[in-house]
Number of protein chains: 4
Amino acid sequence: MDGRKGRKEGGVSMNSNLWPYRTPGIPDEFFARVESVPITKEEVRVIVLSKARLREGYSVIDVGSGTGSISIEAAMQVGSTGRVYAIDRDADAIALLRENASRFNIKNIEVIQGDAMDALAAIPEVDVVFIGGAGGKMYDIVRLACTRLRSKGRIVIDTIMVESMNSALSAIYDLGLKDIDVTQVIIAKGKRISTGTMLLSRNPVLIISAEKV
Amino acid sequence: MDGRKGRKEGGVSMNSNLWPYRTPGIPDEFFARVESVPITKEEVRVIVLSKARLREGYSVIDVGSGTGSISIEAAMQVGSTGRVYAIDRDADAIALLRENASRFNIKNIEVIQGDAMDALAAIPEVDVVFIGGAGGKMYDIVRLACTRLRSKGRIVIDTIMVESMNSALSAIYDLGLKDIDVTQVIIAKGKRISTGTMLLSRNPVLIISAEKV
Amino acid sequence: MDGRKGRKEGGVSMNSNLWPYRTPGIPDEFFARVESVPITKEEVRVIVLSKARLREGYSVIDVGSGTGSISIEAAMQVGSTGRVYAIDRDADAIALLRENASRFNIKNIEVIQGDAMDALAAIPEVDVVFIGGAGGKMYDIVRLACTRLRSKGRIVIDTIMVESMNSALSAIYDLGLKDIDVTQVIIAKGKRISTGTMLLSRNPVLIISAEKV
Amino acid sequence: MDGRKGRKEGGVSMNSNLWPYRTPGIPDEFFARVESVPITKEEVRVIVLSKARLREGYSVIDVGSGTGSISIEAAMQVGSTGRVYAIDRDADAIALLRENASRFNIKNIEVIQGDAMDALAAIPEVDVVFIGGAGGKMYDIVRLACTRLRSKGRIVIDTIMVESMNSALSAIYDLGLKDIDVTQVIIAKGKRISTGTMLLSRNPVLIISAEKV
């Protein structure tokens, strides 16, 4: 394994000693966390990232960035020539994202505190938009976010709310996006106790992705 | 987007025009398929790959490679300096894997038709072992596979069978592996029909991963 | 066990030799089936019935009765002094329901072929309404159905569609119903094959129930 | 609804003012609870009860009765001519079961504190055995419990542990039971918050049922 140390890993993983791997999926516990700020948990996160189909050099918007786990993994995938615009209206989330970006030595995230409806207008055209939180305005945010997306760019939405599932789908159908994928994910984690290995569920998440025509 | 064409994408994605992306998650329908040969579907596959924590240059064993989707995505992640040993006892699976490797222009997979219990003995030490099929011999295959794994190497097992879940767990506990993660994944896919978007379930999969001490 | 033969089982289960049990949950394969007509599968069905809180003598409406499994089990629970109004617009479903009612020797179902929006108006006040199919008009059907419900009566809706989940919830919130319960159910069934017992998923169903003030 | 008060509801529901309904599915919050004692939650409980196919007059064993929710609902279904033997080794569970039986005015439960391996031997032949907890001895308890079961009697096991799933299946296969049903249930409950209705998962449960030849 000694020879591995000197290997070039694109322009990306040299950014990080905490996560030197090429595959996404940083364990949740590697991130600084606070109770009031949501995180997209690791198994859901890798599916969300896969639906974005990232390449080195891509620019990406992350609406409702929360703990920053999507922004940070996206930043690793797009590398130093790419860029992530992370938007959250909550000051605690913004502080946490900054802390986590620093922890993983990520330099290519531009942090924007504010309402997505305002912030989106000022961001140049991007390759991918993630929407992880919409504060009850999912339909409008999806529509506005798509104006920031280049042709063939991809949007990936994740939500745990029935109403937001419906609003996101409506917006995507109304916009005439193509290659629409709807994926509900339910994860249960094993926990070893004295009498065996029990399964503990996490909440179901709906992931909707599509491509701009 | 014109500038993107000339970008260097590590040593990896130039291998493939069908999947030029850095993130794993090739849609199932991109693979040649035959009904009798199983495939690890895209959402489960990206979780399986994430648990392996791949780096460029890694060598990997894929036991029960089936359609070859794990082998091919792993081959892309480890790049031209890495290597994937794909083992399957079924001739149809082997033929299908070869067809898919050719389709994605993957050169760094070594295809081995045969029983895993025989084949594993001849493979040099690797960084990661995937076990996607064990033909009812999960306990023995996990134990043997771990002898092929370097220290700190990772094993990732996925199964849909209750008995294999139990055998895989027993083997991992008995071997004293660490950083054990047990994840059940249930995926449901949306399908748009005239009256709305229904959700169609896929079978639950148990993914067990661990690290050799 | 000989003494059991002569026992009285309320006024209910003597109706049926095929299902002499007091607990609901008739196996799906006991019903006549046709491919084009949906059935509420047994595990989901017993949850749906439990949310209705049935008593002997209750009158019940079943909107979108399909194969008739809910109507028939409800008819058994409410007994000969109770009544089930089964509505479906599809002639095949109506024929199938009649066949199944006959198979289980159920006499207390009134079968109504037609659109629920028309049929509901002519039905007297009931204790419980089930809505298993709404043909894209969930919001209006829930609102109309609640006009047929007595005070403290219960409505139980099951749906597999994202849009209908949202419409049903909106209607229930707008109507100011109380004791609202939302339950997503995912069932996977074991299947024994040569190498073990695999789990095969069924589609997720959302069950929404509430009580009229 | 006044006329309903005087109705006869078999010999059963007059036992209870708290749950006057014929259908099982008592809401979890109707039971006295303590944190250290498990409860089979309402949606899983109605499926468990349905797999038992209860009739009035049946006698039933409940191994690992915990909070008593299965025992109490079974006692209601089998009525005053039936009998439930509830076994738990934990004194807190036993006290809780007694409190709940009293709360629902149930008289036909015989409470047995002790190890199931000892207690089962002293119980006469029954129609149904439930196993909700086996303390790591699932295989042996299933085998012993089946000796207490009449021909055509049913056994219903629920577990959240991978190892117990496997042991229960092994025992059932080894005993040559028939009409084997394996059902994994995942429930998520809706919770209304300011921005919509989120889904909160409960842990997956495996329910295995079978009939003695």
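Now for a description of the structure that goes with this document. What you see is a predicted model; the values in this text were computed from it and never measured.

The accessible area lost on association of the parts is a frequent measure of interface size. Chain C puts 48 residues into the contact, and the matching count from chain D is 49 residues. Area buried by chain C at its contact with chain D is led by C:Arg22, C:Arg53 and C:Arg55, which between them contribute 17% of it. Taken together, the connections running from chain C to chain D amount to 8 salt bridges. We note a salt bridge from D:Asp181 to C:Lys189, for which the minimum N-O separation is 2.6 Å. Breaking the side of chain C that touches chain D down by element, the ones donating at least two residues are helix H1 (42–52), helix H2 (69–78), helix H6 (162–175), strand E6 (178–193) and strand E7 (196–201) of chain C. The leading source of residues in the side of chain C that touches chain D is E6(C), at 11 residues. Its residues placed into classes, the side of chain C that touches chain D shows 22 nonpolar, 10 polar and 16 charged. Inspection of the sheet shows E6(C) paired to strand E6 (residues 178–193) of chain D by 7 bridges, in the antiparallel sense. By the bridge assignment for E6(D), C:Ile187 is matched with D:Val185.

Another aspect to go through is the interface of chain C and chain B. The partner chain B presents 20 residues to the 20 residues of chain C that form the contact. Buried surface at the junction of chain C and chain B, summed over both partners, amounts to about 1,700 Å²; 63% is from carbon and sulfur atoms. Taken together, the links from chain C to chain B amount to 10 residue pairs in polar contact (both at pLDDT 80 or more). When residues of the side of chain C that touches chain B are traced back to their parent elements, those giving at least two are H6, E6 and E7 of chain C. Among the elements that make up the side of chain C that touches chain B, the one with the highest residue count is E7(C) (6 residues). Residue composition of the side of chain C that touches chain B, grouped by class: 11 nonpolar, 7 polar and 2 charged.

Okay, the side chain of C:Ser69 next. Residues and elements named next belong to chain C. Within the fold, Ser69 resides in helix H2. In this structure the side chain of Ser69 is engaged in a polar contact, spanning 3.2 Å, whose partner is the side chain of Arg45. In contact with Ser69, not counting residues within four places along its chain, are Phe31, Ile39, Thr40 and Arg45.

By the definition in use, this model includes 12 aromatic pairs over all chains. Residues B:Phe31 and B:Phe104 carry aromatic rings whose centres are separated by 5.1 Å and whose planes lie at 45 degrees to one another, so their mutual orientation is tilted. Placement of B:Phe31 in the segment before helix H1 (42–52) and of B:Phe104 in the loop between helix H3 (91–103) and strand E3 (109–113) is noted, with a sequence separation of 73 residues between them. Neither B:Phe31 nor B:Phe104 differs from the other in exposure class; each is buried. An angle of 75 degrees between the planes, with centres 4.7 Å apart, marks the rings of C:Trp19 and C:Tyr21 as edge-to-face. Grouping aromatic residues by their ring pairs yields a cluster made of A:Trp19, A:Tyr21 and A:Phe30. The ring centre of B:Tyr173 lies 3.3 Å from the NZ or CZ of A:Arg192, which sits over that ring.

Definitions and limits used
Residues numbered from 1 in each chain as written. Chains lettered and ligands numbered in written order. Predicted model: local features only at pLDDT ≥ 70, side-chain atom pairs only at ≥ 80, totals over all residues. Heavy atoms only, no water. Contact = heavy atoms within 4.5 Å. Buried area = accessible area lost by both parts, 1.4 Å probe. Salt bridge = Lys/Arg side-chain N within 4 Å of Asp/Glu carboxyl O. Helix = DSSP H or I, 4+ residues; strand = E, 2+ residues; numbered from the N terminus. Nonpolar A, V, L, I, M, F, W, Y, C, P; charged D, E, K, R; others polar. Pairing = 2+ DSSP bridges. Polar contact = N/O pair within 3.5 Å; in protein donor to acceptor, adjacent residues only side chain to side chain. Phe/Tyr/Trp six-rings, centres within 6.5 Å; stacked < 30°, edge-to-face > 60°. Buried < 20%, exposed > 50% of the residue type's maximum accessible area, 1.4 Å probe, protein only. Lys NZ or Arg CZ within 6 Å of the ring centre and 35° of its normal.

So yeah, pure geometry; function would need other evidence.
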